[in-house]
Amino acid sequence: MKQCVTPTGKLTAYGEQIWSKLSIDIKKELWKWMVRLRAYDQQCMVWSRQGKILTYAPYFGQEASQVGSAFALQPQDWLFPTYRDHGAAIVHGLPMKHSLFYWLGRIEGNRSGGKWRALPASVPIATHLLHAVGTAWAATLRNRPTVSLALFGDGATSEGDFHEACNLAGLKQLPVLFFCQNNRYAISTPFGEQSATETVVEKAHAYGFPGIRIDGNDVLVVYETVKHAAHKARLGNGPVLIEALTYRLGPHTMSDLPQRYRMMEEEREWNAREPLQRYQQLLLDQGVLNEQEVQETKRSCQQQVLESMNQVLHAASPPNTHLFAHVFAVLPRDLKKQRNEVVGRRGMDACFEYD
């Protein structure tokens, strides 16, 4: 397993090589993104309990995987996230308020493209991997230097879509990166109970492309691995499967009780390996950060999160006609009748419009 920063915040021999190549700006920016996403995640859990947003899937403990992978992309690259990868989508350009709109169940939270090339969060497990392969194939046919990064959990490797995506990507040698955040559990099912193989990474060899196993709680090794893999993919070297070993410290969603299937001792062990503190300790030891900057950045990030939520809470309410929009191209007769009862016949022509 590749690693740059140990759980105690020390550089490995490999980490020293990577550290020497990075600018101070990049070193700090990786940390700032993790601080920002940690603030967002913790506040969303509070808002979910208060009923301000609907259900929520925390990524607490997986910040290094999401920040490092998305930060390594270029603006023209495509990101395919799951419902737990809103942190990565924000890093790749998705405005924070749009992510909050998603958790409020509003259509504004499902927009993609434009300034940010991150697709809406995929709730069905592993289906978005096929979309990533299709986008990578399109880029190849058009001779464009675009990479597709698909994020998914270990549970997705038990789905047929994962294997179909890997098979086609390997066959066509497409520029797609399969990034598995192996957080040990598919909801409550441990990885050992869903796979006969001991690792995810070894599955890559069956499809004719390389696999790399890394410490998913080490933001430096995640960033370096994805950046290098993306560079090779742009040169036509085909796909890569990256298995990032991490741990979901929070619940699967806010309705989950992880105490029912996880031991407290296991959680304490992984909490000691969590990504933000280990990287922050490295920056402090190396003189890149000081305690005053740490506290100021935390306050600033918290304020950014609160400002985004304030914008969302004060946004105009969506029209009732959104209940009938964005699902059917042609409404079935029974839904047309219901829509007409809501808006009246004079409002029919405008029922699919939204801001």
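Just so it is clear, the model here is predicted, and its values are computed rather than measured. (Residues numbered from 1 in each chain as written. Predicted model: local features only at pLDDT ≥ 70, side-chain atom pairs only at ≥ 80, totals over all residues. Heavy atoms only, no water.)

A. View of the packing of helix α1 (residues 13–21) against helix α8 (residues 219–234). The N-to-C vectors of α1 and α8 enclose an angle of 70 degrees; their axes lie 11 Å apart at closest approach. Comparing the axis directions of α1 and α8 gives the class roughly perpendicular. Between α1 and α8, the contacting residues are Tyr14, Ile18, Trp19 and Lys21 on the first element and Leu220, Val221 and Glu224 on the second. Its residues assigned to classes, the contact of α1 with α8 shows five nonpolar, no polar and two charged. (Axes fitted to C-alpha atoms, helices over the stretch in contact; angles between N-to-C directions. Helix = DSSP H or I, 4+ residues; strand = E, 2+ residues; numbered from the N terminus. Parallel < 35°, antiparallel > 145°, perpendicular 65-115°, else oblique. Contact = heavy atoms within 4.5 Å. Nonpolar A, V, L, I, M, F, W, Y, C, P; charged D, E, K, R; others polar.)

B. Representation of the layout of surface pockets in the model. Considered as a void within the structure, the largest pocket measures approximately 300 Å³ in volume. Tyr83, Arg84, Ile125, Gly153 and His252 are, among the 20 residues lining the largest pocket, the residues nearest its centre. Elements that contribute at least two residues to the lining of the largest pocket include exactly β2 (148–153) and β4 (185–186). The calculated volume of the second largest pocket comes to roughly 170 Å³. Along its surface, the second largest pocket is lined by Tyr102, Gly105, Arg106, Ile107, Glu108, Asn110, Pro318, His322, Ala325, His326 and Val327. Grouping the amino acids of the lining of the second largest pocket by side-chain chemistry returns five nonpolar, four polar and two charged. Two domains each provide a minimum of three residues to the lining of the second largest pocket, namely domain 1 (13–318) and domain 2 (319–354). (1 Å grid on protein atoms, 1.4 Å probe; cavity = no way out; pocket = protein on both sides within 12 Å on 5 of 7 lines; lining within 4 Å. Points joined across faces, edges and corners; volume = space filled by probe spheres on them. Domains from an automatic or database assignment.)

C. Quick peek at empty space enclosed by the protein. Taken as a whole, this structure holds one cavity of 30 Å³ or more when the rule is applied. Put simply, the largest cavity is a space of about 120 Å³. Together, 15 residues line the largest cavity, and Ala89, Leu94, Gly109, Pro120 and Ala121 are the ones closest to its centre. In terms of residue count, helix α5 (residues 96–103) provides more of the lining of the largest cavity than any other element does, three residues in total. Classifying every residue of the lining of the largest cavity by side-chain character gives nine nonpolar, four polar and two charged.

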